[in-house]
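# Close look at the chain arrangement
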Amino acid sequence: MKTNKWLLLVALSLVFSLVLAACGNKDKDEDKTAAPDKKDDKATEQPTEEAGEPDAEQVVSLIESAAIPSVDSAIVEDAVGFNVLNNVNEGLYRLNLENIAEPAMAAEEAEVSEDGLTYTFKLRDANWSDGTPVTAHDFVFAWQRAIDPATGSPYGPFMMSGVIKNATAISEEKMEKSELGVVAEDDKTLVVTLERPVPYFLSLMSFGTFYPQKEEFVTSKGDAYATNSDNLLYNGPFILTEWDGTGDSWVYKKNEHYWDAENVKLETINVDVVKDSATAVKLYNDGKKDRAGVSGDLALQYGTHEEAVHESDTAVFYFKFNQERNGEKTPLANVNIRKALAKSFEKEDLADVVLANGSTAANFLVPRDFAYDESGTDFRDISGDHLVYNAEEAKEYWAKGLDELGVTELEFEILGGDTELSKKMNEYFKAQLEGNLEGLTIKLKEVPFAVRLELDGNQDYDIQVSGWGPDFQDPISFMDLFVTGGTNNLMSFSNKEYDELIEATKDELALDPAARYEAFAKAEKILLEDEAAIAPIYQRGLIQLQKPYFKGLGIHPFGADHSYKWAYISGKE
Amino acid sequence: MVKYIGKRLVYMFLTMFLIATATFFLMQTLPGSPIASYNKLNETQRAIVEKKYGIDKPKPVQYAIYMKNLAKGDLGTSFVFKGKSVNDLLATRVKPSFILGAQAMVFGTLIGILLGMLAALKQNTIWDYGSTFFAILGVSIPSFVFASLLQYWVASQWHLLPVGLWNDGWKSSILPSIALAMGPLALSARFIRTEMIEVLSSDYITLAKAKGANGFEIAFKHAFRNALIPLVTVLGPVAAGIVTGSLVVEQIFAIPGIGEQFVSSIMTNDFATIMGTTLFFSALLIFIIFIVDLLYGIIDPRIRLSGGKG
C-alpha cells in the first residue's frame, strides 16, 4: 500500500508540475489556476535588511519558471520577458524598492501641464551598451513601433489606447503611426500628449512596453532583432549574455555603461529555467540556487521554514455570478441569491488551511499592498471590507431569494480549474455552500484553463472561479472590468451608478486624486456590498525560500516581478 | 534486400504522412488560440497577426501549405518563441535529449542482459528471484518515479550527483539516464532470462555439455548469442519507452531537451512546435524500428527479408 501512496503522490506532483509549466508563458491577466506561479509581487514581509557590508563576490543564482519567448519590448507579453526587460533596459521611470515610480532615463520629475494632458520629460545623459547616447528619438521610435498594428504588439495598443493621443486610431489603421502623441523636441526632450488626464501615467512609464529602442540598431538587425543576447542593446543595470533565443538558461552581467552603475552591486546573475517546483526546492536546499518558489504540498511543508518569505501577490480571485445564460435570466439575476452565496463560505479557513500557500482571505476587489493615495495610504484602508462571511445573514438572504423566485431548491454549476489545488478548493466551496444554504445543490465542473476561457467567452456557466492580476498600478485596472459591456463582464452585470462612478474617475475626477479614490471606494461598495455581482475569495500569496545572504531584491506589484538593481550578497562567506 | 528496403522506405514515408495529417487536424481541436495574448489584441492586430502566421486561411489550405513546407524540411515558426524557427528550436535542444536517450538505451540493455543471464543460469535461486523482482519493479514503475526517488536520495540526501540542470558536464546526465534506463533494463532482463532458459534446455546445449564445454563457454558462446535475437525485436518499443519517459524525466531534472519542449508547447498551443516535436519523435521511432528490422535479418539468417509474402 505504501508504494501506491508514493506513486499517487508523485503522479499528483507530476500533474501539478505540468500545469505550472505553462503558467509562465501565459499572459498574466487572468490566472489559470489557483496555484501560484512564479509571479511574485510586493512583499509583505521583506527579508530583514540588516545593514550588512556587501561581500567581495557578487554572484547570485536564480530560477525562472519558463524560458524567454521574447525580449523585444514591443512584443513581450509574459512574466519572464517583462522581468528580463526590467533588468536589462530602462524606461523614463523605474519602480523603486518602495514601488514608487521614480525618474530613471528621465533626469528629473516630468513637467505636467495644468490640464494634465502634456508631459515633458528631460532625459538624462545615459548610454546604450554600445556607447551611443539614449535619445528622445529612441522613445518615439519604440512607441510608434509598439502601436503600429503590423508589429502585432500585445501590450502596445492595450496600454496606449485611450491614454496616448491618437493611439486607438493608429492601432486600427485609421491614422499613421507618426501621429502618435509623442514627439522628440530635441535629443533630450520628449513631449507626450495624452488623450485624457491619466493619474497613473508616470507609473506606466516604468512598464516594459514604454522602453526605448534604438532605431538604427533595430532596423539593421531586422527579423533577428532581440532573438538572442547579441541582437539586443541594453540601457539598464545589467546586460543579458549566453541567451541563445530558446534556451533554458541565461546570465546577467553588470552593465558598465549604465548611468547608475556605481549603485549596482551584483556582478553576475545566473538563471536557469526549472519548471518542477520540487526540483527547484531541492536545488535551493543543495545550495545551487539562492531563491525558489514553493507551491502546492511543498508550501504546506515549507511554510514555516526559517528561510521562507511570505509575499502577497496582487492577483485577486472571486466568483463571477452569471445572470444570463443562453439568452435567459438565471436565478443568479436575483440579488438576494447572489448575496446569500457570497456570504456563505468561510474565507480564512480556505486561505490558511485549504490553500495554505501564503494567500489571504479577500473581502474586496482591489487588492491590498497595491494602490496608494498621495499620502501613501493603501486604497484598502480607504475602502472597507465587503461581503464578509456571515452564515446567518446568508441564510436570511437565501430564504428571501428563494421566496422571490418561488422555488425551494436551486442547482448551480461551479466552473473551476482542474489543478489539484483548484479541485481541493472547489470541494471546499461545495461543502460550505451546500452546508449553509438549504436546498442548494452545487455541481462542480473542473476544466483546463483554455476551456474555461472559452466557456467564459460564451458566457456559458453559472458560477465561475475567476481571477485578475493588474497591468498597472491603479484601482481602475480592477474596477474597469465590471462596467456594463466590459470585456471581462461576461455575466450580464449592469449598474448605472457604478458605470457613472467609473466614468467620472476617468473624466472629471481625473485630476482630483482624493475624490477619485472616494469614487472607487463607492463603486467597490456597489459592486460587492449592494449588488454582490461578484464574490471575492482570496488574494493570492506566495511562499518563497530565499537565502538570508541575498538582500535588497526589489519585488513589484505590477509589470516586471523583480528588480536586481539594488540586490546584493552579504554574509555568504 | 534492396527491394525490401525500398518498400520499407515507402511505408515509412506513408506513416510519416499519416502522422503529420492526424496531428495537424487533432491539434486544431485544442481549445484556445496559439496566440498567447489573443485577448489583448484588437481586431486590426488580430487580422494582421493571423495573416502573418497564416492561420486566417481555411484549414485545408493551412494543411496544404504546411505539408508543402514540411516536404522542404521547414517546420515553420514558433508562436511562442517570437521569430524563431522550429528547426532551430529543435536543433539547440536535441543534444541533451540524445545523450540521455543513448545512455539510457545502452546502459539499460547491457545491465538488463547481465541480470537476465544471471537469472537464467542460476534459475530458481535467490539470484533468479532477485533479478526477476527487480525486473518487475522496472517494468511496472514509471521512469518519472525513479527520477524523483533518485533525485531525492542520490542527489538531495547523499549529495553524490547534481539535483538537476545541465551545467555539470557528464555528471548532469547520470541520474536522468539511470531513471530512463530502468524500463529497458527490466524489459531486456526478462527477455534474456526467458530466452536463455529455453536455449539452455535445447539439444545443442546438451551436446555441448556432453562434449565437456565448461559453463562459461556454454553460457556465452552458445546460449547467449541465440538468446540475443529476440531481444533485438524489442529494441523498438524500448526506444519508444525512452522517448515517452524523457517527456517527464527532462522536466524533473530541468534538462533543456526536446521532451520538455514538447510538453510546454502543448500547454501553450504552440501549433508549429507541437507539430515539429511530434514529427521529430515519430521520425526517430520509425527510423529505429527500421534499423531494428534490418538488424534482425542480419543477426538471424533464418529470416529472409526479401520474401514478398513471408
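Here the structure is shown first, and the text comes after it.
Predicted model only: the values in this text are computed from it and were never measured.

To continue, consider the overall build of chain B. When helices and strands are counted, chain B shows 11 helices and 0 strands. Counting from the amino terminus, helix and strand elements in chain B follow one another as α-α-α-α-α-α-α-α-α-α-α. Along the three orthogonal principal directions, the C-alpha set of chain B runs to about 85 × 60 × 30 Å. Expressed as a percentage of its 310 residues, the buried residues of chain B come to 40%. Expressed as a percentage of contacts within chain B between residues at least 6 apart in sequence, the contacts between residues at least 24 apart total 74%.

When its secondary structure is counted, chain A shows 18 helices and 23 strands. Taking 2.2 N^0.38 as the reference for a compact globule, 573 residues should give roughly 25 Å; the C-alpha atoms of chain A span a radius of gyration of 24 Å, in line with that estimate. Among the 573 residues that make up chain A, the fraction classed as buried is 55%. Of all intrachain contacts in chain A linking residues separated by at least 6 positions in sequence, the fraction that spans at least 24 positions is 69%.

Now for unusual backbone geometry. Phi is positive for A:Glu173, which is not a glycine, with a value near 60°. Along the polypeptide, A:Glu173 turns up in the loop between helix 5 (167-171) and strand 6 (182-186). Despite not being glycine, B:His159 has its phi angle at roughly 55°, a positive value. Inspection of the secondary structure assignment puts B:His159 in the loop between helix 6 (143-157) and helix 7 (171-200). Judged by the 11 C-beta atoms lying within 10 Å of it, B:His159 falls in the exposed class.

A few words now on the sheet that holds strand 8 (residues 238-241) of chain A. Residue and element names in this part refer to chain A. With mixed pairing, the 4 strands of this open sheet are ordered in space as 1-10-9-8. Edge positions in the sheet fall to strand 1 (59-64) and strand 8, since each of these pairs with one other strand and no more. When strand polarity is set aside, the average angle formed by the axes of neighbouring strands in this sheet is 25°. Where strand 9 (residues 249-254) and strand 10 (residues 268-273) come together, 5 bridges link them in antiparallel fashion. Across the sheet, lysine 253 pairs through a bridge with threonine 268, a residue of strand 10. Along the sheet face, helix 2 (residues 79-88) touches strand 1, strand 8 and strand 9 and points at about 130° away from the line of strand 8.

Our next topic: the nonpolar core. Judged by nonpolar contacts, the single largest core of 164 residues is most densely connected at A:Trp143, A:Leu240 and B:Ala179. Beyond its immediate chain neighbours, meaning those up to four positions away, B:Ala179 contacts B:Ser143, B:Phe146, B:Ala147, B:Leu150 and B:Val249. One finds A:Ala340, A:Leu355, A:Ala361 and A:Tyr498 within the second-largest nonpolar core, a separate group that totals 67 residues.

All names here are of chain A. Counting buried positions over the 8 residues of helix 10 (residues 335-342) gives 6, a clear majority of the element. Of the positions making up helix 10, those classed as buried are Ile337, Arg338, Lys339, Ala340, Leu341 and Ala342. Each element contacted by the buried residues of helix 10 is listed here: strand 12 (308-321), helix 13 (391-405), helix 14 (420-436) and strand 19 (534-546).

To continue, consider the environment of A:Ala315. Mapped onto the secondary structure, A:Ala315 falls in strand 12. Put simply, A:Ala315 and A:Leu365 are 50 residues apart on the chain and 9.6 Å apart in space, counted from C-alpha to C-alpha.

This part takes up the sheet that holds strand 5 (residues 118-122) of chain A. Residue and element names in this part refer to chain A. In space, the 4 strands of this open sheet follow the order 4-5-7-6, with antiparallel pairing throughout. Taken across any chain shown, the strands that pair with only one partner, and hence form the sheet edges, are strand 4 (111-112) and strand 6. Pairing analysis gives 4 bridges linking strand 6 to strand 7 (residues 189-193), with the strands arranged antiparallel. Bridged to aspartate 186 within strand 7 is threonine 189. With respect to the sheet, helix 3 (residues 136-147) is in contact with strand 6 and strand 7, its orientation differing from that of strand 6 by roughly 165°.

Calculation criteria
- Every chain begins its residue count from 1, and numbering advances along the sequence as written.
- The order in which chains are written sets their letters, starting at A; the order in which ligands are written sets their numbers, starting at 1.
- Reporting of local features is limited, given that this is a predicted model, to residues whose pLDDT is at least 70; pairs of side-chain atoms are given and counted only at 80 or more, and all residues count toward the totals for whole chains, interfaces and linings.
- Going along the chain from the N terminus, every DSSP run of H or I of four or more residues is numbered as a helix, and every run of E of two or more is numbered as a strand.
- Exposure is read from a count of other C-beta atoms within 10 Å of each residue's own; the residue is exposed at 12 or fewer, buried at 20 or more and partly exposed in between. C-beta atoms are placed from the backbone.
- We call two residues in contact when their backbone-placed C-beta atoms lie within 7 Å.
- The globule rule used for comparison is 2.2 Å times the number of residues to the exponent 0.38, while the radius of gyration itself is calculated over C-alpha atoms.
- Between any two strands, at least two bridges found by DSSP are needed for them to pair.
- Throughout, an axis means a line fitted to C-alpha atoms (over the contacting stretch in the case of helices), and angles, computed between N-to-C directions, take values from 0 to 180 degrees.
- Each nonpolar core reported here comprises buried Ala, Val, Leu, Ile, Met, Phe, Trp, Tyr and Cys residues connected via C-beta atoms within 7 Å.

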